[in-house]
Protein chains: 2
Amino acid sequence: MADTDGKPTEGVEGSEELEEVEEETSEGTDSEEEVNHEKSNTTTPEALASQLMMSPSVLAAMQERLGSLVGSPSGYIQSLPKAVKRRLKALKKQQFECTKIEADFYKEVHKLECKYATLYAPLFEKRKAVVTASQEPTDEECEWPSEDEKDEELADEVKNKVKVEEKKLESSEDNEDVKGIPQFWLTIFKNVDMLSEMIQEHDEPILKHLQDVKAIFSEKDPMGFTLEFHFEPNEYFTNSVLTKQYTMRSEPDETDPFSFEGPEIVKCNGCKIDWKKGKNVTVKTVKKKQKHKGSGTTRTITKTVQNDSFFNFFSPPAIPEDEETEMDEDTEALLAADFEIGHFIRERIVPRAVLYFTGEALENDDEYDEEGEEEEGGEEGDYNEDDDPDYNPQKDQSKPQECKQQ
Amino acid sequence: MADTDGKPTEGVEGSEELEEVEEETSEGTDSEEEVNHEKSNTTTPEALASQLMMSPSVLAAMQERLGSLVGSPSGYIQSLPKAVKRRLKALKKQQFECTKIEADFYKEVHKLECKYATLYAPLFEKRKAVVTASQEPTDEECEWPSEDEKDEELADEVKNKVKVEEKKLESSEDNEDVKGIPQFWLTIFKNVDMLSEMIQEHDEPILKHLQDVKAIFSEKDPMGFTLEFHFEPNEYFTNSVLTKQYTMRSEPDETDPFSFEGPEIVKCNGCKIDWKKGKNVTVKTVKKKQKHKGSGTTRTITKTVQNDSFFNFFSPPAIPEDEETEMDEDTEALLAADFEIGHFIRERIVPRAVLYFTGEALENDDEYDEEGEEEEGGEEGDYNEDDDPDYNPQKDQSKPQECKQQ
């Protein structure tokens, strides 16, 4: 068709003038030699195949072979010549040597973690000092940009409008007499799903007295870490520190060495809580009236049973000393959840507590979750295990569970 | 009701005789003092609340506050007294110091990885020797239990039945003249989804010449690693080694320091492949017949365009030197996928190649996937990043993509 917009066209080869009528594609032709890979690959095998298909015995043999291959990923391996299978065994024996070296690597990483724990320690002490009001930070120590500053100004305006009512609702609002950062650890625990599920209403007044959480690393004998929960003097128990000790192992499992993916938590020990009289929230009494079916008389019996509580975290189920003894499924699930919680506190909460208090650490996790879900249909919530040489979800992959024992 | 089975009962208190008519529960009663936490917690606030609800101005204020809190995780933080907000800034400044220490930790982990790479190296050399038939392992070196031994015996029986046909189908079967482990790396690449998606039919005859894949670690200047693909002399290109270099960074991002989760890959460089004449599978020629719309004459033009190929892995898109320049989404996704593939080859394939050849590494991954899905609704396929101090999916979280450039 002729140009209608009146613009000059350069010769008759203007692209609008041309209609593409055919396309031919050939690969690997960066020179004068033309090669068509597709064609050379398909002709001969097809001919061979149809030739073979004419033999009923070949068909039967193929079906038998296919049957044995279905669901068997090693079908290909089984079909290999014996000499090759023998060499694969040599490679596996070498691989086992690699696994032992890998176990040593993870031990050294743990050693590094122990070393770095001492470098973080002074900063965590400073944190405790600010949280518990034993030290007021200087202006210089508080120089940190706040992204929320504009939001805060806006919020302040709103607040001014409703000032009188505010005061009634929250008497602590802008009360400069507040000491430290109240309910610092309780707020963190309530912000993290895995932990908030453990916390009952009766635990909260106790956890308000929690002043610090520390992770103490042990390089060996045994390799592991201890979580310390430091409490201020309180009306509930006399302990100043509650502890939970985790023992780890960085050795390939002899029965399945190639599943080794780094150290795993193998054991944990709680501690005895010295509850003050009538303050033990981990037990409750159940009164039952019983009626004698024959005589019709009734009596009341009192039973003490376990009560849901965060503090059950300090009395985990025992692991049988004898490794051969099978644990029941419930105990196994409870321990797997416990190990995950212990690891999470050590690896995420303790090192970045303030970010769990403000929710920033949760936002980062959520961002990852949401984007992950779009593409993969769901990720473990609240926690990215990616940076974590110690964490082995293949060993303790249960979803965080409530620390309930019923 | 009376006993009917004739067994003696101990007194009138046998449990069958009793009917439980009532249950009362109270908590924290391990002593004579009884405390009911629930009741003491609920009475006063409820009364206060209903009192407050009678004031319309209080209601309005609450609604305004609630409105500003919805969708804002920092709503609680905003409601804190100024003195507390100031202390939180101090904690964040301390947290930034922690992040810098963490960056150093990851640098030391990388240093450890460099050290361990030299410990693995002799084993990987032995592997190459067996794979390429430059050394036949001794009987002692092949002593490794095979779980499939029973299966193999069974399979052997089946094979014997169809021996003649077998020979026709697979001429290499039990051929003791086979050298080394044929198609070792090609088989591995085809077993791993992330890599098999990159491999086109025309790549396979080339990848049959791949003899070794190495990861060479660089401690610094720049921190990173280079993947080396060693080829035997072949008809496709003259290079004996193709390389892909990855540069990493272990520094918190200044604009978002708290998102730091360890080193990330920030750059990669491919290499020039010296294709022999007509063998370059990464390009194809497209012939187009063009018809002049006016005159009706046709002509044929030839265009060289990029072709899908594994070997495009060696010519990744360039990253703008200027960090301010935004990449387009496609390039960003392509690079994210490339970084993930490079990391996967270094971290999983190279260290445990034989297990990807036999499929055992895939089985372990699958087991984890399936169990994970039951509880969490899906996990990243084929790869557990948990043991991996270098891998940061928050930075390069795209799903593995085909290495296609169209």
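With an unreviewed UniProt entry as reference, chain A is termed Nucleosome assembly protein 1-like 1, source organism Sinanodonta woodiana. A UniProt comment under Subcellular location (unreviewed entry) is attached to chain A, and it reads "Nucleus". If you open the UniProt record of chain A and go to Sequence similarities (unreviewed entry), you find "Belongs to the nucleosome assembly protein (NAP) family."

Student: Sorry, what's going on with the overall build of chain A here?
Tutor: Tallying secondary structure elements over chain A gives twelve helices and seven strands in all. Classification of the 406 residues of chain A by burial places 48% in the buried group. Considering only intrachain contacts with a sequence separation of at least 6, the fraction spanning at least 24 residues in chain A is 61%. Summed over all atoms, the accessible surface of chain A reaches about 20800 Å², with 49% contributed by carbon and sulfur.

Student: Explanation requested: helix α4 (residues 82-131) of chain A in the structure shown.
Tutor: Two residues of an α-helix separated by three or four positions point the same way, owing to the 3.6 residues in each turn. Along its 50 residues, α4(A) runs 68 Å from first to last C-alpha, staying within 8% of the 74 Å computed at 1.5 Å per residue. Maximal helix bending in α4(A) amounts to about 35 degrees, located at Tyr120(A); proline Pro122(A) follows within four positions.

Student: How do you make sense of the sheet that holds strand β3 (residues 224-231) of chain B when you look at a structure like this?
Tutor: Sheets are built from strands paired through backbone hydrogen bonds, the pairs being either parallel or antiparallel. Residue and element names in this part refer to chain B. Judged by pairing direction, the sheet is antiparallel, and its four strands sit side by side in the order β2-β3-β4-β5 without closing on themselves. Whereas interior strands pair on both sides, the edge strands pair on one side only; in this sheet they are β2 (210-218) and β5 (264-269). Ignoring strand direction, the axes of neighbouring strands in this sheet form an average angle of 20 degrees. Of the pairings in the sheet, the one linking β3 to strand β4 (residues 241-249) comprises seven bridges and is antiparallel in character. Bridging across to β4, Phe229 finds its partner in Leu242.

Student: What is the right way to read the nonpolar core from this model?
Tutor: Counting 142 residues, the largest nonpolar core has Phe229(A), Phe311(A), Phe229(B) and Phe311(B) as its most contacted members. The contact partners of Phe229(A), leaving out residues within four places of it in the chain, are Phe189(A), Leu210(A), Asp212(A), Val213(A), Ser240(A), Val241(A), Leu242(A), Phe310(A), Phe313(A), Phe314(A) and Ile345(A).

Student: Sorry if this is basic, but what is going on with the pairing of strand β3 (residues 224-231) of chain A here?
Tutor: Regular strands place side chains that alternate from one sheet face to the opposite one. All names here are of chain A. The buried fraction of β3 amounts to seven of the eight residues, a majority that puts the element mostly inside the structure. When strand β2 (residues 210-218) meets β3, the two strands line up antiparallel, connected through eight bridges. Paired with Lys214 across the strands is Glu228, a residue of β3. Between the antiparallel neighbours β2 and β3 lie five residues, among them Asp221 with a positive phi of about 55 degrees.

Student: Where do I start with the packing of aromatic side chains in this structure?
Tutor: Residues and elements named next belong to chain B. Per the stated rule, a full pass over the model turns up 54 aromatic pairs over all chains. Arranged with centres 5.6 Å apart and planes meeting at 45 degrees, the rings of Phe189 and Phe310 form a pair that is tilted. With a gap of 121 residues between them, Phe189 in helix α7 (residues 184-191) and Phe310 in the loop between β7 (298-306) and α10 (329-349) connect regions that are remote in the sequence. Of the two residues, Phe189 and Phe310, neither departs from the other in class, the shared state being buried. Ring plane angle 85 degrees and centroid distance 5.4 Å describe the contact between Phe310 and Phe311, whose orientation is recorded as edge-to-face. What makes Phe311 buried here is its relative accessible area of 1%.

Student: Would you mind going over unusual backbone geometry with me for this structure?
Tutor: It is generally the case that most residues other than glycine have a negative phi and that most peptide bonds are trans. Of the consecutive residues Asp221(A) and Pro222(A), the connecting peptide bond is found in the cis state with omega at -10 degrees. You can see Pro222(A) is positioned in the loop between β2 and β3. Positive phi values are uncommon outside glycine, yet Asp221(A) reaches one of about 55 degrees. Phi at Gln183(B) takes a positive value of approximately 55 degrees, unusual for a residue other than glycine.

The rules behind the values
- Residues numbered from 1 in each chain as written.
- Chains lettered and ligands numbered in written order.
- Predicted model: local features only at pLDDT ≥ 70, side-chain atom pairs only at ≥ 80, totals over all residues.
- Heavy atoms only, no water.
- UniProt positions renumbered as here; feature names shortened; annotations may be inferred.
- Helix = DSSP H or I, 4+ residues; strand = E, 2+ residues; numbered from the N terminus.
- Buried < 20%, exposed > 50% of the residue type's maximum accessible area, 1.4 Å probe, protein only.
- Contact = heavy atoms within 4.5 Å.
- Areas by Shrake-Rupley, 256 points an atom, 1.4 Å probe, with all protein chains shown as cover.
- Expected span 1.5 Å × (residues − 1).
- Bend = angle between axes of the 7 residues up to and from the residue.
- Pairing = 2+ DSSP bridges.
- Axes fitted to C-alpha atoms, helices over the stretch in contact; angles between N-to-C directions.
- Core = buried A, V, L, I, M, F, W, Y, C linked by side-chain atoms within 4.5 Å.
- Phe/Tyr/Trp six-rings, centres within 6.5 Å; stacked < 30°, edge-to-face > 60°.

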